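Each chain, letter by letter, is given below.
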Amino acid sequence: MPFGLLRFGMSRRYPEPRMFRCPDRLKPHYDAVIIGAGGHGLAAAYYLARDHGIREVAVLEKSYLGAGGTGRNTAIIRSNYLTAEGVRFYDESLRLFHDLSADLDLNLFYSRRGHFTLAHSDATLRTMRWRAEVNKHLGVDSELVGPEVIRRECPQLDLSCGGHTPVLGALYHPPGAIARHDAVAWGYGRAASQRGVEIHQQTEVTGIRVQGGQVAGVETNRGFVETGKVLSAVAGYTPAVMEMVGVRTPLEVHPLQACVSEPLKPWLDTIIVSANLHLYVSQSSRGELVMGAALDPYELHSTRSTLDFVEGLAGHLLELFPFLGQVRVLRQWAGLADMTPDFSPIMGKTPVEGLYLDAGWGTWGFKATPVCGKTMAHTLATDRPHPLIVPFRLSRFDEFDLVGEKGAASVGH
Amino acid sequence: MKLMRCPVNGWRPVQEFSYGGTVRPMPPPGECSDRQWADYVFHRSGAAAVKKEWWCHLASGVWFIAERNTSTDEILRTYLYGEDDHHE
Ligand SMILES: Cc1cc2nc3c(=O)[nH]c(=O)nc-3n(C[C@H](O)[C@H](O)[C@H](O)COP(=O)(O)OP(=O)(O)OC[C@H]3O[C@@H](n4cnc5c(N)ncnc54)[C@H](O)[C@@H]3O)c2cc1C
């Protein structure tokens, strides 16, 4: 290495810029503690500081920033859900994404692609027509299209699927997009840190202290921290955290796997989902095909990968795109999905005063990062659930008042 | 390939089995409150643990119980319902 370069690297005048401060000590007290430095926790911290002036906030992360679903998802953003509650909520998130790069001063590589959910059966077509009508009624750009439109937008697709399960039509959602998931977490983390929020990695919450039904603080592997407000934003780890205070939830954790191919020249600019074939694929800005499938079939709290998954996925991918036969898989991985019975999230207050919950993000929570941050910050600051999240309250299960999103969220995350 | 032991058919690939959820005692439907019923229908002990689960061997339709560690995926025991005293 040239000596000049070494001197430059070591010079104090050009320190390596850091995305966020790493304070070496926890304070004894914070106004609010957020468990989990995924996108949701960091976004909530940012909006607490920016919109509500609550800056004495610590985000505690047992691993590293973005270690959970935030750094493992396939980054699909859309709002063509099935229920009015869901559509309104996710569409607000899409709106927030539009100027988020400018807001956070970081290129999130937000890329509008157009999202096709293919139907290979009459039953699927029927749910799609239903979804399209709900979407249009609420002002979301979404329509049922026939094979001609699919052929025009994605000519590489074999609409006959080798004669096996021909594509009959699709739900087309032009605003469907992808973004760089890590950048979303880093952007929120940096912007929160600049407003005084502390991010503590390698800090695991091991207990929540409750006095007289009210949160008093959290126990961590680095000692006790006093606070009156705690937000649990730990997605796949929620059951363990809620069991610390004896609150029961309907969450069941399953792994969700994904993989990418070696980089190819850009050829696929739409997002293609097939619920019948249990498959979805898009091409990232560096040329890799990003692919995923349905949830693993049984409860497991492990991020192991399986050959079964890539085998099944590759088989189905070749039905849609037979010319990919020689393309190699570059990496595969998994994340934990905290599944709810109705495929909607759980957000808002809990039976413990001062403990707020943002969970039930299953396979669909990345797209909701901005709106979750905003609505949970509002809920923490005012101690009242934001109107957009009232339908997602934990008590809906005791009231048999579910928000059924399965038709729109089971494969197309 | 991951294998699981069906109490009737012996060791088979795990793909031949279907998961039926954790074994949970049902409150008496006629007598319990709506709240208790909702708790039974929806809520779970969702954290990782060694759990007793329903599994079905699809090819033969045999339902049985498996004790499985849900953080390591290790299957500790399988046996027919009601036969849990008979250790292997
Ligand atoms: C393979 C895959 C593909 C997906 N694809 C999509 C998609 O295309 N579109 C979409 O919208 N969604 C998708 N999702 C879902 C999405 O990734 C998640 O819903 C979302 O990332 C959840 O974000 P979060 O911030 O709530 O939680 P996470 O990002 O999971 O963060 C939770 C954090 O909490 C930390 N933590 C846990 N317990 C503790 C503790 N006791 N103390 C301190 N810290 C703790 C964890 O280490 C973790 O960093 C996908 C998920 C997977 C796995």
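Residues numbered from 1 in each chain as written. Chains lettered and ligands numbered in written order. Predicted model: local features only at pLDDT ≥ 70, side-chain atom pairs only at ≥ 80, totals over all residues. Heavy atoms only, no water.

Comments concerning the overall build of chain A
Move 1: From N to C terminus, chain A includes 11 helices and 20 strands.
Move 2: At 22 Å, chain A has a C-alpha radius of gyration in line with the 22 Å of a compact globule built from 413 residues.
Move 3: Along the longest, intermediate and shortest principal axes, the C-alpha atoms of chain A span 70 × 65 × 40 Å.
Move 4: Burial statistics for chain A: of 413 residues in total, 57% are counted as buried.
Move 5: Partitioning the contacts of chain A with sequence separation of at least 6, the portion at a separation of at least 24 is 76%.
Move 6: On chain A, roughly 17,100 Å² of surface is accessible, and the fraction owed to carbon and sulfur atoms is 53%.
Move 7: Of the side-chain charges in chain A, 41 are positive and 43 negative, and the distance between the mean point of each set is 6 Å. (Helix = DSSP H or I, 4+ residues; strand = E, 2+ residues; numbered from the N terminus. Rg over C-alpha atoms; globule rule 2.2 N^0.38 Å. Buried < 20%, exposed > 50% of the residue type's maximum accessible area, 1.4 Å probe, protein only. Contact = heavy atoms within 4.5 Å. Areas by Shrake-Rupley, 256 points an atom, 1.4 Å probe, with all protein chains shown as cover. Lys, Arg positive; Asp, Glu negative; His and termini not counted. Charge placed at Lys NZ, Arg CZ, Asp CG, Glu CD.)

A word on the packing of helix 3 (residues 84-98) of chain A against helix 10 (residues 369-382) of chain A
If you want to describe how two helices pack, look at the angle between their axes and the distance between the axes.
All names here are of chain A.
Move 1: At their nearest, the axes of helix 3 and helix 10 sit 7 Å apart, and the two run at 105° to each other. As the angle between them shows, helix 3 and helix 10 are arranged roughly perpendicular. Within the contact between the two elements, helix 3 uses Phe-89, Glu-92, Ser-93, Leu-96 and Phe-97 and helix 10 uses Thr-369, Pro-370, Val-371, Cys-372, Lys-374 and Thr-375.
Move 2: In terms of residue class, the contact of helix 3 with helix 10 is made up of 6 nonpolar, 3 polar and 2 charged. (Axes fitted to C-alpha atoms, helices over the stretch in contact; angles between N-to-C directions. Parallel < 35°, antiparallel > 145°, perpendicular 65-115°, else oblique. Nonpolar A, V, L, I, M, F, W, Y, C, P; charged D, E, K, R; others polar.)

Points about the pairing of strand 17 (residues 289-292) of chain A
Residue and element names in this part refer to chain A.
Move 1: Burial along strand 17 is two-sided: the residues Leu-289 and Met-291 and Val-290 and Gly-292 are all buried.
Move 2: Two strands pair when backbone bridges link them, and strand 14 (residues 252-261) and strand 17 are joined in this way by 3 bridges, in the antiparallel orientation. In the strand pairing of strand 17, Ala-258 is matched with Gly-292.
Move 3: The pairing of strand 16 (residues 279-283) with strand 17 spans 4 bridges and is antiparallel. Among the inter-strand pairings, Val-281 is bridged to a residue of strand 17, identified as Met-291.
Move 4: The turn joining strand 16 and strand 17, which pair antiparallel and follow one another in sequence, is formed by 5 residues; a positive phi near 95° is taken by Gly-287. (Pairing = 2+ DSSP bridges.)

Considerations on the domain arrangement of chain A
Residues and elements named next belong to chain A.
Move 1: For chain A, the assigned domains read domain 1 (29-73 + 182-250 + 342-409) and domain 2 (111-176 + 252-339).
Move 2: Contact residues are listed per partner, giving 16 residues for domain 1 and 14 residues for domain 2.
Move 3: Considering only the surface of domain 1 that becomes buried against domain 2, Arg-72, Gly-236 and Thr-363 emerge as the three largest contributors, covering 42% of it.
Move 4: Counting across the domain 1 and domain 2 interface gives 0 salt bridges.
Move 5: Counting across the interface, domain 1 meets domain 2 through 6 residue pairs in polar contact (both at pLDDT 80 or more).
Move 6: A class-by-class count of the residues in the side of domain 1 that touches domain 2 yields 9 nonpolar, 6 polar and 1 charged. (Domains from an automatic or database assignment. Buried area = accessible area lost by both parts, 1.4 Å probe. Salt bridge = Lys/Arg side-chain N within 4 Å of Asp/Glu carboxyl O. Polar contact = N/O pair within 3.5 Å; in protein donor to acceptor, adjacent residues only side chain to side chain.)

Remarks on helix 3 of chain A
Each turn of an α-helix holds 3.6 residues, which means side chains three or four residues apart point in the same direction.
Move 1: Compared with the 21 Å implied by 1.5 Å per residue over 15 residues, the 21 Å span of helix 3 of chain A between its first and last C-alpha is a close match.
Move 2: Here helix 3 of chain A has its buried residues at A:Gly86, A:Val87, A:Phe89, A:Tyr90, A:Asp91, A:Ser93, A:Leu94, A:Leu96 and A:Phe97. (Expected span 1.5 Å × (residues − 1).)

Examining the sheet that holds strand 18 (residues 329-339) of chain A
Residue and element names in this part refer to chain A.
Move 1: An order of 6-7-5-15-16-17-14-18 is seen for the 8 strands of this open sheet, with the pairing classed as mixed. Only two strands of the sheet have a single neighbouring strand rather than two, namely strand 6 (143-145) and strand 18. Strand-to-strand, the axes of this sheet are offset by a mean angle of 20°, without reference to chain direction.
Move 2: For strand 5 (residues 115-119) and strand 7 (residues 169-173), the ladder comprises 5 bridges, and the chain directions are antiparallel. Considered in strand 7, the bridge of Thr-117 is made with Leu-171.
Move 3: Against the sheet, helix 5 (residues 122-137) contacts strand 5, strand 6 and strand 7, and its axis sits at roughly 145° relative to strand 5.

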